[in-house]
Every structure is written in C-alpha cells, then in structure tokens.
Amino acid sequence: MGGGQLARMTVQAATTLGVLVTVLDPDPNNPAVGAGAEALVGDPSDLGALRTLAGAVDVVTFDHERVPLAHLRVLESEGVHVAPGSAMAEMAFDKSAARHRFSEEGFPIPDFVDVRTAADIVAFAASTCWPVVVKSSRGGYDGRGVALVASQADAVAAADLLGPTMIAEEFVRFDQELAILVARGHGGETVAYPPVTTVQADGMCVEVSSPADVLPELAGAAQELAISIANRLGLVGVMAVELFVADGRLVVNEVATRPHNTGHHTIEANETSQFEQHVRAILGLPLGSTTSRSRASVMCNVVGGPDGSDPSDRLPVALAVPGAHVHLYGKHPRPGRKLGHVTALGSSTDEARAAARLAADLLTGAPVPAGAGK
C-alpha cells in the first residue's frame, strides 16, 4: 500500500529473493515502479482499490500509515493476509490507541491524556507543567501533526491545526534520542538490531549513527524493550521503536510498524537489511542475521534544498567521496522533501559521519568546508 521510497527499497530487497511486488499508488511513476514494482494505479485510502490490490498478491503490507484502519479490518474479514495486521498497525496509525495500549502493558511512556479542545490542553498543562506536546491522534509523520504548546494561545492554535482528536503529553526533557528496529515472524521468532542514535531537525530525522552512543547495559535494555513490545503486541514484520533517553531511563516516543527511516543504514551496515528482513518476516521465511558489518555507520538524509534543485544533477561529485553509499529515490525535488540518503561505514563514528555528511551536502548543494573529504 503506497509506492514511496520505503516501497522502492523493499522492492530492491524482494527482487534478490525472487519475490514480485505490486504497489498501489495514485502515481503510475512512483519511486517503487522505478525499482521494478508492478504498478496498480489507485488510492490506498479507497477500499475498492485495496480489494483490487489484495486480489493480485499473496500478502499486503505498508509503505505508510495513510490507510483507513476500518478498510484493513474489512480486508482481514474477507480473508486477506495483511501484515502486520490491523491490530498491530493501529499502534502506528493511531497515537491515542498506542498510548493506551502501551500504558496497559506497562511500557514506559510519557504522561498523556486524550484532548479535543484548547481548554482540555490547558487543563492538562495546569495539572503537569508547561510546555506540553500535542499530537494529532492520526495522520502525523516527519514532525507533521505535532506541536509544542507553551501557552494558552499556543493551545488554541494547536487545537485549530491538529484537532479534533488529539493527545496531550508531558514534554520529556531528554538527553538523546534512540531508535531500535525489531523483526518478528509468524511463528514468534524475533530479532533486534543494535540501537542507533538519531538526530532530528524540524521534526524530521536527518542523521542516524550506529552504534548508539550509550552504555552497553542501556543498549541491551533498549533491545529487550523492543522485543517485548513486538511479542506482547503480536508483530509480524519490521517495527521501529523511537525512544527518549532521560536521566538514564528509556521512554517510548512512537513506533512505526513498517521499515523506517532510522533503519536505512542497515542496507550496507548489517548482514540483513531492514527491507529484506520485512520481506522474510511477512512471507514466513527465516529471519536473517542483524550482525553489524563494520565498527560504525552513519546515515544522512538527502533533503530538498530551498532552490528546489535535483540532487541527481550532483551525483558524480557525491559518488567521488570515498566510502559513501548514495541512494536516490527518483522523487520529484522540492524544498524539504526526502529525496535520498547516504550511508558510510567506518572504523569510528566520526569517520563514517564525515563521509556521509560530505556526500549528502554535495548532493544538496550545501556549503562544504574547504578540505573536507581529503
């Protein structure tokens, strides 16, 4: 469901296993088609189009969360194999449902409440402290659907922008942000990747480094937490768990029940990429090794610059950076849009970061310091 960059990289992984992929997307020239997917033109929010897709494939999975949960439940009632299933997908599709379920299961989450009005937001802030974070219950991604609210005026603006169904939660003063990928098969086999440190800008992940800059015991606790979530909620496929580290403790921020931006580095950095792992899991194949191939890796997103230029025009200079692995998604360039990513491996995080950042900056036309890459 969807033919964006996640579908594109899933297609690339599936092809090596001899698995054919059909994508349902309104754009017949979507990124996944450029990687060899069969195109089914239609809207993933349309039940008729979803039924057509389901009739053409053995398993249906996701590129994004913009699919009505009610439609997924209809498909399941009609015997369609949806992976992950609607109950698990709801944990990513509906932030309120996820918060309530995680609370019931005892997973560490911020204090929260369901809200519908600015007055509800103000009342929650009065019972905790300003600022608070307000999120749309559904539809938000890459910083969209989220607002930091520090006053009554902010609450009014947030309610107008994000309502009518929202959650308000405490603002976690975190030391750093982590993410961890976990995969689980039909029979309950579960594997977790090493946790990574993530860097956000304007609500979007811009850099991922592995291994995470945390003590081994905290890294182990993150893996155990991700595996526990996967098992207790019945995951089938790949899930990303985004975490805060606050005063030495882990707090769950959000989950994505599909391959995720924080796992793109696994294509080069791990024995089995997140995309191949997802294909294996949803098809009932044995899961692959998550062992790292190098001491360190860094992934930098390639985001469209303000001039709207195409990074592919600068591909030759980026490919000249030693150790840089460039992935461009074949998307029409526009400012602020994710257009690709670069991963670099190294003997240290600093070494990998230098190469990845240089290649990404060259692709976007950002200023490059004199002597960089030499």
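Quick caveat, the model's predicted, so the values are computed rather than measured.

A closer look at the pattern of salt bridges
Then comes step 1: Tallied over the entire structure, the rule returns 14 salt bridges.
Then comes step 2: D350 serves as the salt-bridge partner of R353, at 3.4 Å between the closest nitrogen and oxygen. With R353 and D350 both in helix α13 (residues 349-364) and three residues apart, the pair spans about one turn of that helix.
Then comes step 3: Relative accessible area serves as the criterion here: at 19%, R353 is assigned to the buried category.
Then comes step 4: Each of R99, K135, E169 and E254 takes part in salt bridges that share partners, so that together they form one network.

Considerations on the pairing of strand β7 (residues 176-184)
Then comes step 1: For β7, a buried count of nine out of nine residues is recorded, marking the element as mostly surrounded by other parts of the structure.
Then comes step 2: Of the two faces of β7, the one holding Q176, L178, I180, V182 and R184 and the one holding E177, A179, L181 and A183 are both buried throughout.
Then comes step 3: Sheet analysis places β7 next to strand β11 (residues 237-246), joined by nine bridges and oriented antiparallel. Bridge assignment links L178 to a residue of β11, and that residue is L243.
Then comes step 4: Pairing between β7 and strand β9 (residues 196-201): three bridges, direction antiparallel. Counterpart to L178 in the pairing with β9 is T197.
Then comes step 5: Where β7 meets strand β8 (residues 190-192), three bridges bridge the pair, whose relative direction is antiparallel.

Regarding the sheet that holds strand β5 (residues 146-149)
Then comes step 1: The antiparallel open sheet is built from four strands, whose spatial order is β3-β6-β4-β5. At either end of the open sheet lies a strand with only one pairing partner, and these are β3 (112-115) and β5. On average, adjacent strands in this sheet sit at an angle of 25° to one another, irrespective of strand direction.
Then comes step 2: As paired elements, strand β4 (residues 132-136) and β5 share four bridges and run antiparallel to each other.

Digging into unusual backbone geometry
Then comes step 1: For the bond from A83 to P84, the omega torsion is 0°, close enough to zero to count as cis.
Then comes step 2: Topologically, P84 is positioned in the loop between α4 (69-77) and α5 (86-93).

Description of the side chain of T198
Then comes step 1: Positionally, T198 belongs in strand β9.
Then comes step 2: For T198, a relative accessible area of 7% puts it in the buried group.
Then comes step 3: There is a polar contact of 3.1 Å between the side chain of T198 and the side chain of Q200.
Then comes step 4: The residues touching T198, leaving out its near neighbours within four places in the chain, are E177, L178, A179, C205, E207, V208 and T262.

Section: the environment of R357
Then comes step 1: By secondary structure assignment, the location of R357 is in helix α13.
Then comes step 2: What makes R357 partly exposed here is its relative accessible area of 42%.
Then comes step 3: Along the chain, R357 and V342 lie 15 residues apart, while their C-alpha atoms are 7.9 Å from each other.
Then comes step 4: Dropping the residues within four chain positions of it, R357 is found in contact with E207 and C300.

Describing the packing of helix α3 (residues 47-56) against α4
Then comes step 1: Viewed as axis vectors pointing N to C, α3 and α4 meet at an angle of 40°, and their least axial separation amounts to 10 Å. One finds that α3 runs oblique with respect to α4. Note on packing geometry: the crossing formed by α3 with α4 is right-handed. On the side of α3, the interface is formed by L47, L50 and R51, while α4 contributes H71, V74 and L75.

Description of the nonpolar core
Then comes step 1: F102, I229, M239, V241, L243, L250 and V252 are the most contacted members of the largest nonpolar core, which has 29 residues in total.
Then comes step 2: When contributions to this core are tallied by element, the ones reaching two or more residues are α5, α6 (95-105), β7, α9 (216-233), β11 and β12 (249-256).
Then comes step 3: Per-element tally for this core: the top contributor is α9, with eight residues.
Then comes step 4: Beyond its immediate chain neighbours, meaning those up to four positions away, V252 contacts R99, F102, P108, I109, P110, L225, I229, V241, E242 and L243.

Brief notes about the side chain of S86
Then comes step 1: Tracing the chain through its elements places S86 in helix α5.
Then comes step 2: If near-sequence neighbours (up to four positions away) are discounted, S86 is found in contact with L69, L72, R73 and E76.

What to know about the packing of α4 against α5
Then comes step 1: Between α4 and α5, whose axes approach to 10 Å, the crossing angle comes to 170°. Here α4 lies roughly antiparallel to α5, going by the angle between them. Each of L69, L72, R73 and E76 in α4 lies in contact with α5, whose residues at this interface are S86, A89, E90 and F93.
Then comes step 2: Within the contact of α4 with α5, the residues separate by chemical class into four nonpolar, one polar and three charged.

What counts and what doesn't
Residues numbered from 1 in each chain as written. Predicted model: local features only at pLDDT ≥ 70, side-chain atom pairs only at ≥ 80, totals over all residues. Heavy atoms only, no water. Salt bridge = Lys/Arg side-chain N within 4 Å of Asp/Glu carboxyl O. Helix = DSSP H or I, 4+ residues; strand = E, 2+ residues; numbered from the N terminus. Buried < 20%, exposed > 50% of the residue type's maximum accessible area, 1.4 Å probe, protein only. Pairing = 2+ DSSP bridges. Axes fitted to C-alpha atoms, helices over the stretch in contact; angles between N-to-C directions. Polar contact = N/O pair within 3.5 Å; in protein donor to acceptor, adjacent residues only side chain to side chain. Contact = heavy atoms within 4.5 Å. Parallel < 35°, antiparallel > 145°, perpendicular 65-115°, else oblique. Left-handed = near helix turned anticlockwise from the far one by under 90°. Core = buried A, V, L, I, M, F, W, Y, C linked by side-chain atoms within 4.5 Å. Nonpolar A, V, L, I, M, F, W, Y, C, P; charged D, E, K, R; others polar.

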